[in-house]
Amino acid sequence: MATIFAGMWRAVAAAVAVVLLVGLFAGVAGAQEEPPETGVQGRLQQRTEDGNAPIVGVRIVVTTADGAAVGEAVSDTEGVWLVAVPGPGEYVVTIDQATLPEGVGLPEGDDGVRTLTINPRQVRGVLFPLGEGAGASERGSQVRLALQLFVEGVKLGLLIAMMAIGLSLIFGTTGLVNFAHGEMVTFGAVVAFWFNVSLGWHFIPAALIAIAIAAAVGGLLDLGVFRPLRRRGVGLIAQLVITIGLSLLARYVILYVFRGDPRSYAQYAIQNGIPIGPILLPAKDLWSIGISVLMLLAVGLTLQKTKVGKAMRAVSDNRDLAESSGIDVQRVILVVWAVGSGLAGLGGVLWGLGESVSWLMGFRLLLLIFAGVILGGLGTAYGALVGSIVVGVFIQMSTLVIPTELKNVGALAMLVIILVVRPQGILGRAERIG
Amino acid sequence: MDWEAIIRNAVIAGLSREAVVFAIAAVGLNVHFGYTGLLNFGQVGFMAISAYGVGISITQYNAPPWLAFIIGLLAAVLLALLLGVPTLRLRADYLAIVTIAASEIIRLVFRSVALRNWSGGSNGINGFADGFYVWNPFEPTEQYGFGWFKVFGNQAYIILVGWTLAILVTVLVWLLMRSPWGRVLKSIREDEDAARALGKNAYWYKMQSLILGGVIGGLAGIVLSVGQSTVQPDSYSPPVTFFIWTALILGGVGRVWSPIVGAIIFWTLLSLSDNILDGLVDTGIIPAAVTAGTRGGSVRFMIVGLGLALLMIFRPQGIFGDRNEMMLEDR
Amino acid sequence: MTTTSPLAGIEASPGIAKPDPILVVDDMVKRFGGLKAVDVGHLEIQRGAITALIGPNGAGKTTFFNLLTGFDRPDSGSVVFDGRPLGTRLSPNRLAREGMVRTFQLTKSLTRLSVLENMKLGPSGQRGEGFLSAMVRPLWIDQERAIERRAEGVLARFRLDQMRDEFAGTLSGGQRKLLEMARALMTDPRLVMLDEPTAGVNPALTQSLLEHVIALRDEGMTVIFVEHDMDVVQTISDWVVVMAEGEIIAEAPPAEIGTNPRVIDAYLGARHDTPLSLEEEEEVLELVEQEVERLAEEQPDATPDQDEEEAL
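Residues numbered from 1 in each chain as written. Chains lettered and ligands numbered in written order. Predicted model: local features only at pLDDT ≥ 70, side-chain atom pairs only at ≥ 80, totals over all residues.

### Remarks on the overall build of chain B
Next, step 1: Counting its secondary structure elements, chain B contains 15 helices and four strands.
Next, step 2: Here the C-alpha atoms of chain B give a radius of gyration of 20 Å, agreeing with the 20 Å that 2.2 N^0.38 yields for 331 residues.
Next, step 3: With the principal axes as the frame, chain B shows a C-alpha extent of 60 × 50 × 40 Å.
Next, step 4: Burial statistics for chain B: of 331 residues in total, 57% are counted as buried.
Next, step 5: Once local pairs closer than 6 in sequence are excluded, the contacts in chain B between residues at least 24 apart make up 74%. (Helix = DSSP H or I, 4+ residues; strand = E, 2+ residues; numbered from the N terminus. Rg over C-alpha atoms; globule rule 2.2 N^0.38 Å. Buried ≥ 20, exposed ≤ 12 C-beta atoms within 10 Å, placed from the backbone. Contact = placed C-beta atoms within 7 Å.)

### Quick word on the overall build of chain A
Next, step 1: When you go through chain A residue by residue, the secondary structure sums to 13 helices and 13 strands.
Next, step 2: Expressed as a percentage of its 434 residues, the buried residues of chain A come to 50%.
Next, step 3: Contacts spanning at least 24 positions in sequence make up 75% of the contacts within chain A whose residues lie at least 6 apart.

### Section: the interface of chain A and chain B
Next, step 1: Taken together, the 39 residues of chain A in the interface contact 41 residues of chain B.
Next, step 2: Contributing elements (two or more residues each) for the side of chain A that touches chain B: helix H1 (2-29), helix H6 (236-258), helix H11 (361-376) and helix H13 (407-421) of chain A.
Next, step 3: For the side of chain A that touches chain B, the element with the highest residue contribution is H6 of chain A, accounting for 14 residues.
Next, step 4: Of the residues that constitute the side of chain A that touches chain B, the class distribution is 33 nonpolar, four polar and two charged. (Nonpolar A, V, L, I, M, F, W, Y, C, P; charged D, E, K, R; others polar.)

### Description of the sheet that holds strand S1 (residues 21-32) of chain C
All names here are of chain C.
Next, step 1: On the basis of which strands lie adjacent, the open sheet formed by four strands has the order S2-S1-S4-S5 and antiparallel pairing. Both edges of this open sheet fall to strand S2 (35-46) and strand S5 (84-86), since each of them pairs with a single strand only. Neighbouring strand axes in the sheet, compared pairwise and without regard to direction, differ in orientation by 20° on average.
Next, step 2: Of the strand pairs in this sheet, strand S4 (residues 76-81) and S5 are connected by three bridges, and their pairing is antiparallel. Across the sheet, residue Val80 finds its bridge partner in S5, namely Pro85.
Next, step 3: Docked against the sheet, helix H1 (residues 61-68) engages S1, S2 and S4, running at close to 65° with respect to S2. (Pairing = 2+ DSSP bridges. Axes fitted to C-alpha atoms, helices over the stretch in contact; angles between N-to-C directions.)

### Regarding unusual backbone geometry
Next, step 1: One non-glycine residue, Ser229 of chain B, lies in the positive phi region at around 60°.
Next, step 2: For Ser229 of chain B, the location among the structural elements is in the loop between helix H11 (202-228) and strand S4 (230-231).
Next, step 3: Residue classification places Ser229 of chain B among the partly exposed positions, given that 16 C-beta atoms sit within 10 Å.
Next, step 4: Phi is positive for Arg159 of chain C, close to 60°, though the residue is something other than glycine.

### As for the packing of H11 of chain A against helix H5 (residues 92-111) of chain B
Next, step 1: Where H11 of chain A meets H5 of chain B, the closest approach of the two axes is 10 Å, and the angle between their N-to-C directions is 130°. The angle between H11 of chain A and H5 of chain B falls in the class oblique. As H11 of chain A runs across H5 of chain B, the sense of the crossing is left-handed. Packed against H11 of chain A, whose contacting residues are Leu367, Phe370 and Ile374 of chain A, the element H5 of chain B presents Ile97, Ile100, Ala101 and Glu104 of chain B at the interface.
Next, step 2: Of the residues in the contact of H11 of chain A with H5 of chain B, the class split is six nonpolar, no polar and one charged. (Parallel < 35°, antiparallel > 145°, perpendicular 65-115°, else oblique. Left-handed = near helix turned anticlockwise from the far one by under 90°.)

### Points about the nonpolar core
Next, step 1: The biggest cluster of nonpolar side chains holds 297 residues, and the ones touching the most others in it are Met163 and Leu415 of chain A, Phe22, Ile24, Ala101 and Val223 of chain B together with Val242 of chain C.
Next, step 2: It is H6 of chain A that provides the largest number of residues to this core, a total of 16 residues.
Next, step 3: In contact with Val223 of chain B, not counting residues within four places along its chain, are Val20, Val21, Ile24, Ile158, Gly162 and Leu165 of chain B.
Next, step 4: Among the nonpolar cores identified, the runner-up in size contains 19 residues, and Val70, Ala73, Leu82 and Ile95 of chain A belong to it. (Core = buried A, V, L, I, M, F, W, Y, C linked by C-beta atoms within 7 Å.)

### Digging into the sheet that holds strand S5 (residues 69-74) of chain A
Residues and elements named next belong to chain A.
Next, step 1: A sheet is described by the order of its strands in space; here four strands give the open sequence S5-S4-S7-S9, paired in antiparallel fashion. The open sheet terminates on both sides in strands that have one partner only, identified here as S5 and strand S9 (113-118). Adjacent strand axes in the sheet meet at a mean angle of 20°, parallel and antiparallel pairs treated alike.
Next, step 2: Two elements, strand S7 (residues 89-95) and S9, share six bridges in a ladder whose sense is antiparallel. In the strand pairing of S9, Val92 is matched with Thr115.

### Observations concerning the pairing of strand S10 (residues 247-252) of chain C
All names here are of chain C.
Next, step 1: In this structure, strand S9 (residues 239-244) lies alongside S10, joined through five bridges in antiparallel fashion. Across the sheet, residue Met243 finds its bridge partner in S10, namely Ile248.
Next, step 2: In this structure, the hairpin formed by S9 and S10 is closed by a connection of two residues, where Glu245 is found at a positive phi of approximately 55°.

### Some remarks on helix H4 (residues 181-198) of chain A
All names here are of chain A.
Next, step 1: In a regular helix each residue adds 1.5 Å, so 18 residues correspond to 26 Å; H4 covers 25 Å between its end C-alpha atoms and thus fits that length.
Next, step 2: Within H4, 17 of the 18 residues are buried, which leaves it mostly tucked inside the rest of the structure.
Next, step 3: Following H4 by one or two positions, Gly200 adopts a phi angle in the positive range, close to 85°. (Expected span 1.5 Å × (residues − 1).)

### Some thoughts on the packing of H4 of chain A against H11 of chain A
All names here are of chain A.
Next, step 1: It is the contact of H4 with H11, at a shortest axis distance of 7 Å, that shows an interaxial angle of 135°. Considered as vectors, H4 and H11 are oriented oblique to each other. Our pair here, H4 against H11, has a crossing hand that is right-handed. For the pair H4 and H11, the contacting residues are His181, Gly182, Glu183, Met184, Val185, Thr186 and Ala189 in the first and Met361, Gly362, Phe363, Leu365, Leu366 and Ile369 in the second.
Next, step 2: Class assignment for the residues of the contact of H4 with H11 results in eight nonpolar, four polar and one charged.

### Observations regarding the environment of Leu88 of chain B
All names here are of chain B.
Next, step 1: In this structure, Leu88 sits in the loop between helix H4 (65-87) and H5.
Next, step 2: Sequence separation between Leu88 and Ala263 is 175 residues; the distance between their C-alpha atoms is 28 Å.
Next, step 3: In contact with Leu88, not counting residues within four places along its chain, are Leu95, Tyr203, Lys206 and Met207.

### Quick look at the confidence of the model for chain B
Next, step 1: Confidence in the prediction of chain B, expressed as mean pLDDT, is 87, and 97% of residues score 70 or more.
Next, step 2: For this predicted complex, the interface score ipTM comes out at 0.82, alongside a pTM of 0.78. (pLDDT = per-residue confidence, 0-100.)

### Details of the environment of Arg331 of chain A
Next, step 1: Here Arg331 of chain A lies in helix H10 (residues 329-354).
Next, step 2: Once the C-alpha coordinates of Arg331 of chain A and Leu223 of chain A are considered, the two residues, 108 residues apart in sequence, prove to be 9.4 Å apart.

### Quick notes on the environment of Gly410 of chain A
Residues and elements named next belong to chain A.
Next, step 1: Assignment of secondary structure puts Gly410 in helix H13.
Next, step 2: We classify Gly410 as partly exposed; it has 19 C-beta atoms within 10 Å.
Next, step 3: Linking Gly410 and Thr186, residues 224 residues apart in sequence, is a C-alpha distance of 23 Å.
Next, step 4: Residues within four places of Gly410 in sequence aside, it is in contact with Phe394, Ile395, Ser398 and Ile402.

### Brief notes about helix H12 (residues 381-398) of chain A
Next, step 1: Helix length check: H12 of chain A, at 18 residues, gives a terminal C-alpha distance of 26 Å against a target of 26 Å (1.5 Å per residue), a fit within 8%.
Next, step 2: Buried residues dominate H12 of chain A, accounting for 14 of its 18 residues.

### Re the pairing of S9 of chain C
All names here are of chain C.
Next, step 1: A large share of S9 lies buried, amounting to six of its six residues.
Next, step 2: Judged by which residues are buried, S9 turns out to be covered on both faces: Trp239, Val241 and Met243 on one side and Val240, Val242 and Ala244 on the other are all buried.
Next, step 3: The sheet contact formed by strand S3 (residues 50-54) and S9 spans four bridges and is parallel. Counted as the bridge partner of Thr51 is Trp239 from S9.

Right, here's the structure in full:
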């Protein structure tokens, strides 16, 4: 009995250490917590009959007078945006009209560009008067918009798919639904932020090392926490509640040190859309799609062709059979945790690149990941892929008919509806009914 | 460090309005998970929908308080049906995921700008609670209590009503679980197929359990909103669900008194940790930056998260549970 | 000991009609993937007799049980129980209330309930099981007391009365089998379906179990049981049905079954309690074959027989 508890103390120590590692990285990342001393800010609102409605999700881009990138922001749910600048001087603030919601635009003759001087220790307010406007027509017809949203949906779906595969694999090999997977996504993004913004590394090496660290942490979690728990015979539901506790802990450690404001990476923050046919995509979105596709292919090939991959599938299908055939099940599970966490970290980094890094990003994505996995069929890796892409496309295209702030709600609602109509998902095997 | 103040605050916290809301919600969760084995991770959604049900009925449709109360509880029944019909036939994990998703949907929808005129958006609903205070025997400007524990009249009223309700639902649950109906629920918790093989319609019993626990959760939400005289969407966010779980597990799942005792102890501990932390900051042992601004709140959630994990690892049976009995679970 | 049974003189042929069948199954088919797990053309079970269902591993016996008791849906088929046609989409609880109760291969004791509580779950129509009436104790307390007395009687019969207040989870494997049978009795069944009732039970307890099974029949219930131990089959069964590869390949009185050539073929001439050969498993379980092949690629020295046993 004493040895079991000794093991448990080790497990706890490991878990706490892991979470504190999260905090450490995020903490140093968040070292510049205080609101910036110098910068530009604003609140985007639309005048309506009842007052002012915040305009959400609009991109504001700040460059130096020469056009060098400084930073960008996206207006939050209050319509507020804020961009820090490195020091006093002249800056150009541009509102990305392509991101204005439908029916909202600048007045005639306003090109959405402001050139201004920032004084030392000043956070200057910038006003963009938005109202019923020509915003929509800037982007052309409904079809163009729909296509744009579709592609963005695919991009989102591919990211979700990458994160979903990890969750699916962990579930497949251990039966555990890992509610802390979302925090692993946030962790990856935040660690990359630390290397990139705090330590000054270029984004790409920062991203790479963040992914490696995420994978390592995932492996540590299995080794230090869940493997001892499995060995001790702790039930899956208890483990599930433990992942929930850990996710809560990690999420608020990250909030604590990273603070609540969404932030962006130092490079690639601002990019103009490259016209591809009727749609506009910044280069980083293309990279995101490309990398996601490559990774998913890589994972698929690994699962099909390599020894490790086949072992993973074998353990997923039938653990006892796999074990009796000489497969080291515990090692396979360790690899699954590491790979799954690495993929989550990659998803977080790409998401942070495309949107912004924030403490809640993982939790929000987690629900979407669940939606994707269940839609595709719980327990099938390829189902997770299909389901995730459908979820991504659905979310983005749903903004054609429902308010942007509710688009995630649409995905969650779809999740519930799918369960009514086809509980096994698109690719899943029919569950035993009764 | 003013230990007397710290302990006094902790005791007050344990009996406070917050604690009683959690106690009631935990009774509901106990019905779901403790007695039936349902994984409901969206109890806060039931709280929200009943609270909004009451608030909207009064502010939008001028319903009298008693009718609004009934509507609020009916809203919880509806939510239970909505969630249960698709998922209770499926594995337990599905319910877990769907309940989390549903509670977030509810919060986001009620909070949304689009429905602002109806549900108050991020400001919530105000000015509906007066009707409930009509029966308040206490003077709002006077303080009532005993010893350390003194609160103003309105609070005293809510606390009294709240704990009375908490005890009432606990007794109700106790009566039910002693009956054959409760026995069927417990059999479903142990092994659904065995229960079916004995002729019990497991699906229907699970649904009844979901409804009962959900209505109790809704009751907690109504107590919360009337107590605060407002329905704020962000009061009904996921951490609340996890708080309720922690309180329940702390007390010991599947035991009659564990929700109340667990909630009281949970809030006492939380208050202790908050106050001790503040005390340490005041006396300079810890730098002020640690709990500045919203960081204090984050620390509290961190503690809950860690505590929940540790609880499940080391003492999953909580205070009232029996370790040996827990080990009998066929997992 | 069987006396002149109504089954005497019935021709030993699969799908043969019985004088007074309580259960008639027609064209029951269940497919998994591309594989037919169950394909029963016609089967009749004699009322009031003990019928043994035997067959090699993977023959589909438990699947067949699941199909009959509503735990699985057949792709096609019809069932007539006691003269009444039953839909194949009935839920297990409906069927149990109709009088068809089953036990499970791996016992499903409700571990954190006491033995007595396990028993009291059996009877249907308990007034206390309704949500509203449960809150009014006087409505159900008399019925509950009667059920409790009856349960204590049955427990005494099964010699489990000492354990009445113990958690079912503390019972030994054999005691759990007894509890499962006793609990099934509480449902007042007309047809009792036992899935490997003696598996994992020591010889002394086996004897006791078998006596209880015989007692069930003597009290007028019909019993079907899945069994691997041929001695048990010989001892207590009135009739034997043999399944292999999802089909019924033979029916006969127990004395003749050992000499039936089809039965011998099904077991490939080997002794009935030795592990089966590789070929049979691959035919029956396509899925397992894929698994074995895939793993065989990586682990060429793994023995196929081991895989078979693990898979089942």
